[in-house]
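These are the residues of each chain, in order.
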Amino acid sequence: MEKRPSPTLGSLLWLPIGLLLNMSPLTAATLTLLVLSACGTLYYSLNSDFFGLAAPPFAKITFSEDFTGVTMPDGRSWKITYEKDTTSTFAGVARKVIHWREETKIPFATHDILVTNGDYSSPGQVTARVYNHAVYYQWYTDSPPKGTINLLHIVPLNEEIYHQLLQIRDWNLVTIKGREILRIEIFDRLGKFEGYFQDEGCNSILVTSVEVLARGTPIP
């Protein structure tokens, strides 16, 4: 019996291209659009840095010693003002975990995490979604829900904290600690003031500690 050679890595990599070339143009175009759509959905929905390819440029980001200033090699800079000197703690169910993907003027801000307690943790009592860095929720009981709901706009203290944030999934029980940020002022390469970021009823925070206490499922 004739022995066939084992496929090489190169031949395996070219196999999808070969299949596309043998398809009709309409089928190939449809398949390509489906694959791109699936990849886009995963990119925007997963809390992942995709093996570092989508990670913030930590090597280029320099925080001042008191974490009130941030600079980049290209000359851009930011001034951070805090609400208070003490540490705030947010503990509860992470109903939604979103990794920032859009082009942003704050490259060191990485996540939106919706932390809930009490009735707000129950999808049967309160529906909640996060869109464009804002939380929208609605309850289905006669009286307002009991508990807390906090959307955290997160700046990780360092790369280690960032990787801990990547471990959080929807419905995990978490504790997140840090200093709450009042405002982040943005300056261009020439030091000209460009604007500022300030949340409206949410909680911007420099995260200094992350704990995943349980990997749960939706609460009824």
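Scroll up to find the structure.
Here's what I pulled together on the structure shown here.

About the thresholds
Residues numbered from 1 in each chain as written. Predicted model: local features only at pLDDT ≥ 70, side-chain atom pairs only at ≥ 80, totals over all residues. Heavy atoms only, no water. 1 Å grid on protein atoms, 1.4 Å probe; cavity = no way out; pocket = protein on both sides within 12 Å on 5 of 7 lines; lining within 4 Å. Points joined across faces, edges and corners; volume = space filled by probe spheres on them. Helix = DSSP H or I, 4+ residues; strand = E, 2+ residues; numbered from the N terminus. Nonpolar A, V, L, I, M, F, W, Y, C, P; charged D, E, K, R; others polar. Phe/Tyr/Trp six-rings, centres within 6.5 Å; stacked < 30°, edge-to-face > 60°. Buried < 20%, exposed > 50% of the residue type's maximum accessible area, 1.4 Å probe, protein only. Lys NZ or Arg CZ within 6 Å of the ring centre and 35° of its normal. Salt bridge = Lys/Arg side-chain N within 4 Å of Asp/Glu carboxyl O. Pairing = 2+ DSSP bridges.

1. Brief notes about empty space enclosed by the protein
Now for step 1: Under the definition given, this model contains one cavity of 30 Å³ or more.
Now for step 2: Considering the residues around the largest cavity, the lining is formed by Trp 100, Ala 109, His 153, Ile 154, Val 155, Ile 181, Ile 184, Phe 197, Ser 204 and Ile 205.
Now for step 3: Those elements giving two or more residues to the lining of the largest cavity turn out to be β8 (149-156), β9 (172-187) and β11 (203-215).
Now for step 4: Of the residues belonging to the lining of the largest cavity, the class tally is eight nonpolar, two polar and no charged.

2. Things to note about the environment of Tyr 137
Now for step 1: Assignment of secondary structure puts Tyr 137 in strand β7 (residues 134-139).
Now for step 2: Here the alpha-carbon distance between Tyr 137 and Ile 149, two residues 12 residues apart in the chain, equals 9.5 Å.

3. Quick word on the packing of aromatic side chains
Any aromatic ring pair is given by two values, namely how distant the centres are and how the planes are angled relative to each other.
Now for step 1: Under the counting rule described, the total for this entry stands at seven aromatic pairs.
Now for step 2: With 5.2 Å between their ring centres and 55° between their planes, Phe 58 and Tyr 162 make a pair best called tilted. Of the two residues, Phe 58 is situated in the loop between α2 (25-45) and β1 (62-63) and Tyr 162 in helix α3 (residues 159-165); the sequence distance between them amounts to 104 residues. Assigned by exposure class, Phe 58 and Tyr 162 land together as buried.
Now for step 3: Here the aromatic residues Phe 63, Phe 67, Trp 78 and Phe 108 are joined through ring pairs into a cluster of three or more.
Now for step 4: Positioned above the aromatic ring of Tyr 82, the side-chain terminus of Arg 179 is 3.9 Å from the ring centre.
Now for step 5: Above the ring of Tyr 196, the side-chain terminus of Arg 183 is found at 4.0 Å from the ring centroid.

4. Comments concerning the pattern of salt bridges
Now for step 1: Taken as a whole, this structure holds four salt bridges when the rule is applied.
Now for step 2: Asp 74 serves as the salt-bridge partner of Arg 189, at 3.4 Å between the closest nitrogen and oxygen. Highlighted residues: Arg 189 in the loop between β9 and β10 (193-197) and Asp 74 in the loop between β2 (69-71) and β3 (77-82), separated in sequence by 115 residues.
Now for step 3: Residue Arg 189 is classed as exposed on the basis of its relative accessible area, which comes to 55%.
Now for step 4: The closest approach of N and O atoms between Asp 170 and Lys 96, which form a salt bridge, is 3.9 Å. Of the two residues, Asp 170 is situated in the loop between α3 and β9 and Lys 96 in strand β4 (residues 88-99); the sequence distance between them amounts to 74 residues.
Now for step 5: Counted as one network, the salt bridges with shared partners bring together Asp 74, Arg 76 and Arg 189.

5. Some words on the pairing of β11
Now for step 1: As paired strands, β8 and β11 are joined by five bridges and run parallel to one another. When the bridges of β11 are listed, Pro 156 appears paired with Val 207.
Now for step 2: Where β9 lies against β11, 10 bridges are found, and the strand directions are antiparallel. Paired with Val 174 across the two strands is Val 212, which belongs to β11.

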